[in-house]
Amino acid sequence: MEPRLRIFSIMISVCLFLFILELVRRKKLMERYSLLWLVMGATLTTIAAWPRAAQFLSRLFGVLAVSNMVFLAAMLFIVVLCIHFSVRISSLSKEMREVAQEIALLKTGKSVRKEMKS
Amino acid sequence: MSERVLIIIPALNEESNIGGVLDRLRRQTPYRDILVINDGSSDRTSAVATECGAVVADLPFTLGIGAAVQTGYKYAFEQGYDYAVRVDGDGQHDVTQIADLLAPLTARKADLVIGSRVLSEAPYQSSFPRRVGIRVLSSLVSRVVRQPVTDTTSGFRGANRQAIAAFAEYYPDDYPEVESIIWAHRRGFRIVEVGARMTERTGGESSITAIRSVYYMIKVVFAVMIELMRKVDVP
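Residues numbered from 1 in each chain as written. Chains lettered and ligands numbered in written order. Predicted model: local features only at pLDDT ≥ 70, side-chain atom pairs only at ≥ 80, totals over all residues. Heavy atoms only, no water.

What about the overall build of chain A?
Check the secondary structure of chain A and you find four helices and zero strands. Counting from the amino terminus, chain A carries its helices and strands in the arrangement α-α-α-α. Radius of gyration (C-alpha) of chain A: 22 Å, far over the 13 Å computed for a compact globule of 118 residues. For the C-alpha atoms alone, the extent of chain A along its principal axes is close to 70 × 30 × 20 Å. Residue burial in chain A is summarised as follows: out of 118 residues, 16% are buried. Looking at chain A alone, contacts between residues at least 24 apart form 54% of all its contacts between residues at least 6 apart. Counting only carbon and sulfur atoms, one obtains 72% of the accessible surface of chain A, whose full area is about 9,300 Å². (Helix = DSSP H or I, 4+ residues; strand = E, 2+ residues; numbered from the N terminus. Rg over C-alpha atoms; globule rule 2.2 N^0.38 Å. Buried < 20%, exposed > 50% of the residue type's maximum accessible area, 1.4 Å probe, protein only. Contact = heavy atoms within 4.5 Å. Areas by Shrake-Rupley, 256 points an atom, 1.4 Å probe, with all protein chains shown as cover.)

In structure tokens form, the structure reads like this:
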């Protein structure tokens, strides 16, 4: 890889990794997401610093151009992540609705019957 | 001046155990302030607890043990309790030992007290993978907090006002028992362990196989590392 590109991609990867680290530090990410993004950041930095790894993987999967391999992997990662987010947003919306309804019902001031589910 | 103690009982689908726990608390201990946190149970846990005279907080859906316990700490904080002791709703903890948990707290020697199965005279009989898991976790956590911690997953704990305030504000989610020890240490809280007898869960086969123990431990190790990275804001 051209030296300028390599330096540039290493710098970007490291910056991204540091950014993720700072998010974890400030408790903006739950543990499970922290781990995911840290691994992603580490993988990205590894590929930037050591292109041989990506070359090996692309040969393993029979992909001609290394860049295609990297793009393919990145897109798969993003698609799976987006699906996960959709699922998570769906459950969050459901939970929000339940909380909102509970608040509205509490505001009526009438005592709550606890045995709703049985 | 008498200091107020709150007993926090997180419970998820424990309709067959919660009555017994509350009954033992009433007959064998002097503590009358009890909060049961019903973590979205689908059975009659909440109704049974209310019948036994406990204050019950019903979470609208299941949030997990970390959030349930934190709800208890929030209540303790808002109601101005001096100490909060957690007893699990499944009946595994021996309520007569609550006084043992409170002793280091009232003597001002500790901020967080953990009831350790390992330190008790009657050794806890659990499966081999579990015991190995407990030992590995304990050595990891002991190294991190630079003091011996023998039972990192015990939920049988006592906290004083400062610890209550801190936990009400932040309590970890994924592996709360282990991570909270790390966090308490980083906040500068004094952690002390006392021996505590616990009984094996009476109902249900243990689903922890050797493979799952290893998988669980790897995840906990990562969670511990992440907990170490988090920023400590001390007010």
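After that view, the rundown keeps rolling.
Considering the sheet that holds strand 2 (residues 34-38) of chain B
The pairing of strands in a sheet happens through backbone hydrogen bonds and is either parallel or antiparallel. Residue and element names in this part refer to chain B. If you walk across this open sheet you meet the seven strands as 3-2-1-4-6-5-7, and the pairing is mixed. The sheet terminates laterally at strand 3 (55-58) and strand 7 (191-195), the two strands that pair on one side only. The mean inter-strand angle of the sheet, taken between neighbouring strand axes irrespective of direction, is 20°. Lying on the sheet, helix 6 (residues 161-169) is in contact with strand 4 (83-86), strand 5 (112-116) and strand 6 (157-160); it crosses strand 6 at an angle near 100°. (Pairing = 2+ DSSP bridges. Axes fitted to C-alpha atoms, helices over the stretch in contact; angles between N-to-C directions.)

So, helix 7 (residues 176-186) of chain B
All names here are of chain B. Where burial is concerned, most of helix 7 is hidden: nine out of the eleven residues are buried. For helix 7, the set of buried residues is P176, E177, V178, E179, S180, I181, I182, W183 and A184. A positive phi of about 85° marks G188, the residue just after helix 7.

Side note on a nonpolar patch on the surface
Residue and element names in this part refer to chain B. A surface patch of nonpolar side chains, amounting to about 390 Å² of accessible area, comprises V214, I218, V221, F222 and M225. Within the secondary structure, V214 is located in helix 8 (residues 210-229). A residue is classified by how much of its surface remains accessible, and V214, at 45% relative accessible area, is partly exposed. (Patch = residues over 30% accessible without salt bridge, like charges linked within 9 Å, V, L, I, M, F, W, Y side chains within 5 Å. Salt bridge = Lys/Arg side-chain N within 4 Å of Asp/Glu carboxyl O.)

Describing the pairing of strand 1 (residues 5-11) of chain B
All names here are of chain B. Counting buried positions along strand 1 gives seven out of seven residues, so the element sits mostly inside the fold. Every second residue of strand 1 is oriented toward a common face, with V5, I7, I9 and A11 on one face and L6, I8 and P10 on the other, all of them buried. Direction of pairing for strand 1 relative to strand 4: parallel, over a ladder of four bridges. Across the sheet, V5 pairs through a bridge with Y83, a residue of strand 4. Sheet topology note: the strand 1/strand 2 ladder contains five bridges and is parallel. Residue pairing for strand 2: A11 is matched across the bridge by N38. On the question of chirality, the crossover connecting strand 1 to the parallel strand 2 by way of helix 1 (residues 18-28) is right-handed. (Right-handed = clockwise from strand over helix to strand, strands pointing away.)

Description of the packing of helix 1 (residues 3-25) of chain A against helix 2 (residues 31-49) of chain A
All names here are of chain A. At a minimum axis separation of 8 Å, helix 1 and helix 2 run at an interaxial angle of 165°. Between helix 1 and helix 2, the angle is such that the two are roughly antiparallel. At the point where helix 1 passes helix 2, the crossing takes the left-handed sense. Contacts between helix 1 and helix 2 involve R6, S9, I10, S13, V14, L16, F17, I20, L21 and V24 on the former and, on the latter, S34, W37, L38, M40, G41, A42, L44, T45, A48 and A49. Among the residues forming the contact of helix 1 with helix 2, the class breakdown is 14 nonpolar, five polar and one charged. (Parallel < 35°, antiparallel > 145°, perpendicular 65-115°, else oblique. Left-handed = near helix turned anticlockwise from the far one by under 90°. Nonpolar A, V, L, I, M, F, W, Y, C, P; charged D, E, K, R; others polar.)

Section: the packing of helix 5 (residues 128-145) of chain B against helix 7 of chain B
Residues and elements named next belong to chain B. For the pair helix 5 and helix 7, interaxial distance at closest approach is 10 Å and the crossing angle is 15°. Classed by the angle they form, the pair helix 5 and helix 7 counts as roughly parallel. Between helix 5 and helix 7 lies a crossing whose hand is right-handed. For the pair helix 5 and helix 7, the contacting residues are L137, V141, V144 and V145 in the first and V178, I181, I182 and H185 in the second. Classifying every residue of the contact of helix 5 with helix 7 gives seven nonpolar, one polar and no charged.

Limitation: the analysis is restricted to geometry and does not speak to function.
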